[in-house]
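Close look at the chain arrangement
In case you want the letters, here they are:
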Amino acid sequence: MSSWKTLHKWCTSYSADSVEWCPVEPYTDILVCGTYQLDKTDEDGSTKKQKRLGRIYLFKVSDEMDEICPIQSIDTSGILDQKWSYNCIDGYPVLGTVTSEGSLHLYRLVNLKLERWLEAVIGENVLALSLDWSTNKYHGNASIIVSDSAGTVTLWKVDDTLDKVGEWQAHGYEAWIAAFNYWNSDVFYTGGDDCVLKCFDRKSPDAVLTNRSHEAGVTAIRSHVDVEHQLLTGSYDEKVRLWDARQMKRCLTETNVGGGVWRLKWHPNRKGVILAACMYGGFRLLRAEETIDILYEYLEHESIAYGADWKFENKELSMVATCSFYDCNLLIGKINIDNTKIL
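Sequence positions are assigned chain by chain, starting from 1 and proceeding in written order. It should be noted that, the model being predicted, local features are given only for residues of pLDDT at least 70 and side-chain atom pairs only at 80 or more, the latter also being counted only at that level, while totals for whole chains, interfaces and linings use all residues. Values reported for side chains reflect all heavy atoms of the structure, with hydrogen atoms and water molecules removed beforehand.

**Side note on the overall build of the protein chain**
Broken down by element type, the protein chain carries zero helices and 28 strands. Throughout, radius of gyration means the C-alpha value; the globule benchmark is 2.2 Å times the number of residues raised to the power 0.38. Relative to the 2.2 N^0.38 estimate, which gives 20 Å for 343 residues, the radius of gyration of the protein chain is 19 Å and therefore close to what a compact globule would have. Only protein chains enter the accessibility calculation, which uses a 1.4 Å probe; a residue whose area is less than 20% of its type maximum is buried, one above 50% is exposed, and one in between is partly exposed. Taken across its 343 residues, the protein chain has 61% of its residues classed as buried. Any pair of residues with heavy atoms lying within 4.5 Å of one another is described as a contacting pair. Sequence separation of at least 24 residues holds for 49% of the intrachain contacts in the protein chain that already meet a minimum separation of 6. About 14300 Å² of surface is accessible on the protein chain, with carbon and sulfur atoms providing 43% of the total. Once the 36 positive and 49 negative side-chain charges of the protein chain are each reduced to a mean point, those two points are 3 Å apart. Segments assigned H or I by DSSP are reported as helices when at least four residues long, segments assigned E as strands when at least two residues long, and all are numbered from the N terminus. Per-residue and other accessible areas follow the Shrake-Rupley method at a 1.4 Å probe size, with only the shown protein chains counted as cover for residues. Residues scored as charged are limited to Lys and Arg (positive) and Asp and Glu (negative), so that His and the chain ends carry no count. The atoms used to mark charge sites are NZ of Lys, CZ of Arg, CG of Asp and CD of Glu.

**Notes on the packing of aromatic side chains**
Stacked, tilted and edge-to-face pairs are distinguished by plane angle, under 30 degrees for stacked and over 60 for edge-to-face with tilted covering the rest, among Phe, Tyr and Trp rings (Trp via its six-membered ring) whose centres lie within 6.5 Å. Tallied over the entire structure, the rule returns 17 aromatic pairs. Consider the rings of W262 and Y306, whose centres lie 5.3 Å apart with planes at 50°: the pair is tilted. With a gap of 44 residues between them, W262 in the loop between β21 (253–256) and β22 (263–266) and Y306 in strand β26 (residues 305–310) connect regions that are remote in the sequence. With respect to class, W262 is no different from Y306; both count as buried. For the pair F325 and Y326, a centre-to-centre distance of 4.7 Å together with 80° between the ring planes defines the contact as edge-to-face.

**A short note on the side chain of D237**
Inspection of the secondary structure puts D237 in the loop between β19 (230–235) and β20 (239–244). As used in this structure description, the phrase polar contact means that two N or O atoms lie within 3.5 Å; if the pair is within protein, one of them must be able to donate a hydrogen and the other to accept it, and residues adjacent in sequence are counted only when both atoms belong to side chains. There is a polar contact of 3.0 Å between the side chain of D237 and the backbone nitrogen of K239. Among the polar contacts listed, one links the side chain of D237 to the side chain of R241, at a separation of 2.9 Å. If near-sequence neighbours (up to four positions away) are discounted, D237 is found in contact with H214, E215, A216 and N256.

**Description of the nonpolar core**
One broad trend across soluble globular proteins is that nonpolar side chains are buried collectively. As used here, the term nonpolar core means buried Ala, Val, Leu, Ile, Met, Phe, Trp, Tyr and Cys residues forming a set that is joined through side-chain atoms within 4.5 Å. Judged by nonpolar contacts, the single largest core of 28 residues is most densely connected at L104, L106, W133, I144, V146, V158 and L162. Ranked by residues supplied to this core, first place goes to strand β10 (residues 128–133) with four residues. Sequence-distant contacts of V158, that is, excluding residues within four places in its chain, are made with I89, L106, W117, L118, W133, A142 and I144. Counting residues in hydrophobic clusters, the runner-up holds 16 residues, among them A16, V19, F59 and A321.

**Observations regarding the sheet that holds β21**
Whenever strands of a sheet pair, they do so through backbone hydrogen bonds, lying parallel or antiparallel. In this analysis, strands are considered paired if DSSP registers two or more bridges between them. Read across the open sheet, the four strands follow the order β18-β19-β20-β21; overall the sheet is antiparallel. The open sheet is flanked by β18 (218–223) and β21, the only strands paired with a single partner. Pairwise comparison of adjacent strand axes, ignoring direction, gives a mean angle of 15° for this sheet. Pairing between β19 and β20: five bridges, direction antiparallel. Bridging from a neighbouring strand, L231 pairs with W243 of β20. All axes here are fitted lines through C-alpha atoms, helices being fitted over the stretch that makes contact, and every angle between N-to-C directions spans 0 to 180 degrees.

**Quick word on unusual backbone geometry**
Here the residue pair E25 and P26 is connected by a cis peptide bond, since its omega of 0° sits within 30 degrees of zero. Looking at the secondary structure, you find P26 in the loop between β2 (15–21) and β3 (30–38). Positive phi values are uncommon outside glycine, yet N111 reaches one of about 55°. On the secondary structure map, N111 appears in the loop between β8 (103–110) and β9 (113–121). Residue classification places N111 among the exposed positions, given a relative accessible area of 73%.

**Focus: the UniProt feature "repeat: WD" (unreviewed entry) in the protein chain**
The feature "repeat: WD" (unreviewed entry), as given by UniProt, occupies residues 211–253 in the numbering adopted here. For the annotated span residues 211–253, helix accounts for 0% and strand for 47% of the residues, and the straight-line distance between the end C-alpha atoms is 15 Å. UniProt positions are given in the numbering used here, feature names are shortened, and annotations may be inferred rather than shown by experiment.

Written out as structure tokens, the structure reads:
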């Protein structure tokens, strides 16, 4: 078979921008796809300013399926980002979402259906742009970091309620991304449209590190769960950079992937393998060692490559989900990583 074979294609109706496989056993065959769409008219036919509708689709995907179809659909405001906690909370897999109305919503997976659990307002007149969980490496008290369109990041404690425990004005423009250091949940990183990468300690009111080496907005940050100190960033400057979190004056290596980088995902059990959503450049399979090399280019989508994720399974062939914006398509495929060669 080819290095990346498409198995399923499904139309999401609204523009698709986020796909996330559940990482929690025995629910790793559960996939969510998040969408949003501008609603240009109200009931009277007049224009509404930047109102976004959204929908979350829940799928159960197995190797034996001939076609995919959602088992649940939830109407909401526009979904800008979604992430599962890598560990159960109170016995349930939990999905976090952030929306175009500036809200953070948590859903529990109960009997293969998502049930709304907790919610909080991030801010008035802002888009909540990204979120990340503190507990992807270690069990313990869960926190969520959220970034928004006003350049602010907020830290939330997850208990029986969502309680805000910190707020930082991180960037002068949109804070596209916020992400924890999974090895030290006191530390998190932010990236903004001001082209700046910052590192924060939750005990400090100001950034403990500011890096200005990106040549355009910083849009993706991902700490490695299995390799301490490894950090990835992606940017509108079309480069993926690998960092040592102990020394962030300059990156270890970088490569141009031919499109603005929106999401980066480490493979769940192949330590140096990366899935990259590269917007107008399509999707890329990368390997990061001493250098970052492009192994495969996946160009089956006809629009902006936004969402990408690995299924959490340890098999020879890795299942992936990808989604694209204007063509409203969710694609599921399989990659034979061992058959790929550096382009």
